[in-house]
Every structure is written in structure tokens, then in C-alpha cells.
Amino acid sequence: MAAYTELTNHRDVEFDPETYVSLYYSTVAGEVEEGDILKFFLDGFNHAFKAGAITGSKLLDIGTGPTPHTTFCAAPWFDEITLSDFSEKNLEFLQKWKDGTVSHMGPIFEYLVQIDNSRSCAEERLDELKRKIKAIVRCDVTQSNPVSSTPADGVVFDAITSSLCLDVASTNLEDYVESVRNLSSLLKPGGHLVLCGVLECTFYRVGNIRYKNIHITKDQLQDIYQKEGFEILSLEDLNENYAPHKDETYYSDFKNAFFMIAKKKEH
Ligand SMILES: C[S@@+](CC[C@H](N)C(=O)[O-])C[C@H]1O[C@@H](n2cnc3c(N)ncnc32)[C@H](O)[C@@H]1O
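Bear in mind the structure is a predicted one, so any value in this text is a computation, not a measurement.

Asker: What exactly am I supposed to notice about unusual backbone geometry here?
Answerer: Glycine aside, residues mostly have negative phi angles, and peptide bonds mostly take the trans form. Its identity is not glycine, yet Met105 carries a phi of approximately 65°, on the positive side. Inspection of the secondary structure assignment puts Met105 in the loop between helix H3 (88-99) and helix H4 (106-115). With phi around 50°, Glu200 is a residue other than glycine that occupies positive phi space. Mapping Glu200 onto the fold places it in the loop between strand S6 (187-199) and strand S7 (203-206). For Glu200, a relative accessible area of 30% gives the class partly exposed.

Okay, structure coming up:
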């Protein structure tokens with residue numbers, strides 16, 4: 001096996017859901033090289049949706065991949081959830097998970113229930129989440145109508161979650177801004193955006209494939225969302241709050257990660 005492939009993007013090389021899940025989502029620790037990033041994101045989702053701080057009718061997750069944990073903490077507070085991704089393989093994987101023919105990320109869901117002090121067990125919470133997932137649809141956040149399939153067409157969402165997607169979907173910062181506009185067009189004024197991702201990163205690996213990431217700093221991120229009409233309610237970063245990322249860069253070369261809660265301004 002070659003040590004690495006040339007950098008590529010999601011448009012050119014199909015995603016491998018099984019490899020991704022087993023590499024990064026088998027345990028809360030995730031891939032050892034990645035440090036505390038997964039725990040940081042899971043704690044962030046728990047905090048964001050604790051006690052109904054963000055609630056509404058319709059929730060959209062953008063770039064769900066094969067991993068629907070991004071909507072787990074939100075599920076009790078929304079009526080309908082839409083999962084979306086660019087990759088058909090990920091959409092098929094999510095559908096199988098919803099239908100019960102694939103079961104994965106058990107320790108992740110257990111952890112989320114535990115930190116939530118939930119009275120329901122993980123299985124009950126997952127049943128609720130699956131019941132509320134009304135659509136699993138194709139999405140291309142780089143396009144002006146990102147979610148084009150009929151079930152979600154024209155819907156304006158009360159909240160949007162997204163993890164590790166916009167920075168791999170875009171090829172440069174200008175594209176990134178365009179993707180933020182496309183995402184924002186799906187969100188109601190006053191609606192919440194709960195977003196997490198990596199900072200100062202150029203790639204991440206799935207098996208033998210290395211996908212390009214755009215290099216973005218925390219200041220650039222903050223600047224972009226503010227200019228695009230969001231009020232940033234909180235913007236935490238991994239290095240401030242968790243064990244610093246170590247030096248290995250086999251799986252990814254991110255220097256930091258962020259968890260942001262923002263609100264789309266009314267005007
Ligand atoms: C690093 S994975 C993140 C998956 C998952 N959200 C997570 O947190 O682990 C990036 C995901 O973004 C999706 N993606 C790539 N380009 C996209 C685009 N233009 N529009 C929507 N999703 C895209 C990929 O198919 C992949 O599932």
C-alpha cells in the first residue's frame with residue numbers, strides 16, 4: 001500500500017463510509033493521532049442543545065457523512081430532521097442505519113447520553129432520532145440550491161448543524177464564503193447554526209485517500225460568518241480547552257479545531 005495518494009477532493013473520489021467510521025468513530029477517543037477532537041465536538045453538541053437552548057420545528061444537518069451523531073443531542077428539541085450529504089454511498093449508509101441494518105457508533109451515542117444525564121437510554125434516544133429523520137437527501141453546499149431533492153426542496157430550516165464539511169467542500173476561501181451563503185439561504189432569520197470543524201488544516205485521510213481541506217484560521221472563520229450576517233454566540237477552540245494536538249500528521253494535519261454556535265441575524 002502506498003504511504004499516501006495525491007490530494008484529491010470529494011467530487012473526484014467516492015467516500016468510503018465503512019473505513020471512515022471504523023477509523024474515526026469506533027470509540028470516543030477516535031483515532032489516537034487526532035487527540036481530543038471528537039470529545040471536543042461531542043461535548044460541544046451536548047452544550048449547544050442542552051435544556052432546549054436551541055429548538056424549533058425543522059433541523060438540517062449538512063454533510064452528515066455516515067455519522068449522524070451531529071443530530072443526536074438536537075433530536076429531542078426538533079420535530080423533523082433532514083440528513084444530507086454529497087456522497088451517494090454515505091446516503092445509502094445512513095438509510096441502512098435508519099432501517100436498522102447497520103449499527104455503528106455505539107460508544108459515541110452512549111457517551112452523549114451519559115454527559116446529557118439523560119433519563120432515557122441510548123437505544124430510546126436513537127429510536128426517537130430515527131423517528132424524527134424525515135429525509136436523507138443529496139446535498140451540494142457549493143451550489144446555490146444546496147438541497148435540491150424534493151422532500152427538502154424550498155424548506156427553510158429553524159437550525160442547521162454541520163461537522164467537518166464546509167472546509168472540505170470548498171477549494172479556496174472564496175468558495176468557502178459562497179458555501180456559507182448557500183447554507184445561510186436554507187436557514188430562517190433568527191435560526192441557529194451549530195458548526196464544528198478543523199482549523200489550519202490541508203488534508204484528512206480515509207484509508208489510502210487524502211482529501212483536501214482549505215486552510216482557514218479562527219480569525220478568518222469569525223470574520224466570514226460575521227460578514228455573512230451571523231451573530232457569533234460562542235466560538236470555542238480545541239487547543240484552549242483540551243489537550244493540545246500532537247505532532248503526527250498521518251491522518252490529518254489540522255493545528256486546531258473549533259465549535260461555533262451562531263445565529264442568523266433577522267435583517
Ligand atoms: C470529513 S467528512 C464529515 C462527516 C461527518 N459530518 C463528520 O463529522 O464526521 C466530510 C463530509 O462532507 C461531505 N461533502 C463533501 N463535499 C460536499 C459538498 N459539496 N456538499 C455537501 N457535503 C459534502 C462528504 O461526502 C463527507 O461526508
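Asker: Sorry, what's going on with the environment of Ile54 here?
Answerer: Within the fold, Ile54 resides in the loop between helix H2 (37-49) and strand S2 (58-62). Sequence separation of Ile54 and Gly197 is 143 residues, and the distance between their C-alpha atoms is 20 Å. In this view, Ile54 contacts Ala48, Phe49, Trp77, Phe78, Ala159, His192, Val194 and Ile261; residues no more than four positions away in its chain are not counted.

Asker: What am I meant to see in the site of the ligand here?
Answerer: In the vicinity of the ligand there are 23 residues, among which Tyr20, Tyr25, Gly63, Asp85 and Ser163 approach most closely. One of the side-chain nitrogen or oxygen atoms of Tyr25 is found 2.5 Å away from an oxygen atom of the ligand. Here Asp140 contributes a side-chain N or O atom positioned 2.8 Å from a nitrogen atom of the ligand. Looking at side-chain class alone, the shell around the ligand contains ten nonpolar, ten polar and three charged residues.

Asker: Can you help me understand the pairing of strand S5 (residues 157-163) in this one?
Answerer: In regular strands, side chains alternate between the two faces of the sheet. Burial analysis of S5 places seven of its seven residues in the buried class, which makes it a mostly covered element. One ladder, built from four bridges, connects S2 with S5; its direction is parallel. Looking across to S5, one finds that Leu59 is bridged to Ala159. Of the pairings in the sheet, the one linking S5 to S6 comprises six bridges and is parallel in character. Across the sheet, residue Ala159 finds its bridge partner in S6, namely His192.

Asker: Hey, could you run me through the packing of aromatic side chains in this one?
Answerer: The description of an aromatic ring pair rests on the distance of the ring centres and on the angle between the ring planes. Taken as a whole and assessed by the stated rule, the structure comprises 14 aromatic pairs. Seen in terms of ring centroids, Phe45 and Phe259 are 5.0 Å apart; in terms of plane orientation they differ by 85°. Their pairing is edge-to-face. Of this pair, Phe45 sits in helix H2 while Phe259 sits in strand S10 (residues 256-264), and the two are 214 residues apart along the sequence. Taking the relative accessible area as the measure of exposure, Phe45 reaches 1% and is therefore buried. In this structure an aromatic cluster arises from ring pairing among Phe15, Tyr20, Tyr24, Tyr25, Tyr204, Tyr211, Tyr250 and Tyr251. Across the ring face of Trp97, the terminal group of Lys130 is positioned such that the distance to the ring centre comes to 4.9 Å. Positioned over the ring face of Phe203 is Arg210, at 4.5 Å from the centre of the ring.

Asker: Is there a simple way to explain the pattern of salt bridges in this structure?
Answerer: Side-chain pairing between opposite charges can occur once the charged atoms of the two side chains come close. Overall, the coordinates contain twelve salt bridges when judged by the stated rule. We note a salt bridge from Lys132 to Glu128, for which the minimum N-O separation is 3.4 Å. Taken together, the residues span about one helical turn, with Lys132 and Glu128 both in helix H5 (residues 122-132) at a distance of four residues. Overall, the relative accessible area of 17% leaves Glu128 in the buried class. Salt bridges sharing common partners tie together Glu178, Arg181 and Glu228.

Asker: Please clarify how the sheet that holds strand S1 (residues 7-8) should be interpreted in this entry.
Answerer: Within a sheet, neighbouring strands are paired by backbone hydrogen bonds and run either parallel or antiparallel to one another. If you walk across this open sheet you meet the three strands as S1-S8-S7, and the pairing is mixed. One side of each edge strand has no neighbouring strand; the edge strands of this open sheet are S1 and S7. In the sheet, S7 pairs with strand S8 (residues 209-212) via four bridges, with the strands oriented antiparallel. By the bridge assignment for S8, Phe203 is matched with Lys212.

Reading guide: rules and limits
- Residues numbered from 1 in each chain as written.
- Predicted model: local features only at pLDDT ≥ 70, side-chain atom pairs only at ≥ 80, totals over all residues.
- Heavy atoms only, no water.
- Helix = DSSP H or I, 4+ residues; strand = E, 2+ residues; numbered from the N terminus.
- Buried < 20%, exposed > 50% of the residue type's maximum accessible area, 1.4 Å probe, protein only.
- Contact = heavy atoms within 4.5 Å.
- Near = heavy atom within 4 Å.
- Polar contact = N/O pair within 3.5 Å; in protein donor to acceptor, adjacent residues only side chain to side chain.
- Nonpolar A, V, L, I, M, F, W, Y, C, P; charged D, E, K, R; others polar.
- Pairing = 2+ DSSP bridges.
- Phe/Tyr/Trp six-rings, centres within 6.5 Å; stacked < 30°, edge-to-face > 60°.
- Lys NZ or Arg CZ within 6 Å of the ring centre and 35° of its normal.
- Salt bridge = Lys/Arg side-chain N within 4 Å of Asp/Glu carboxyl O.

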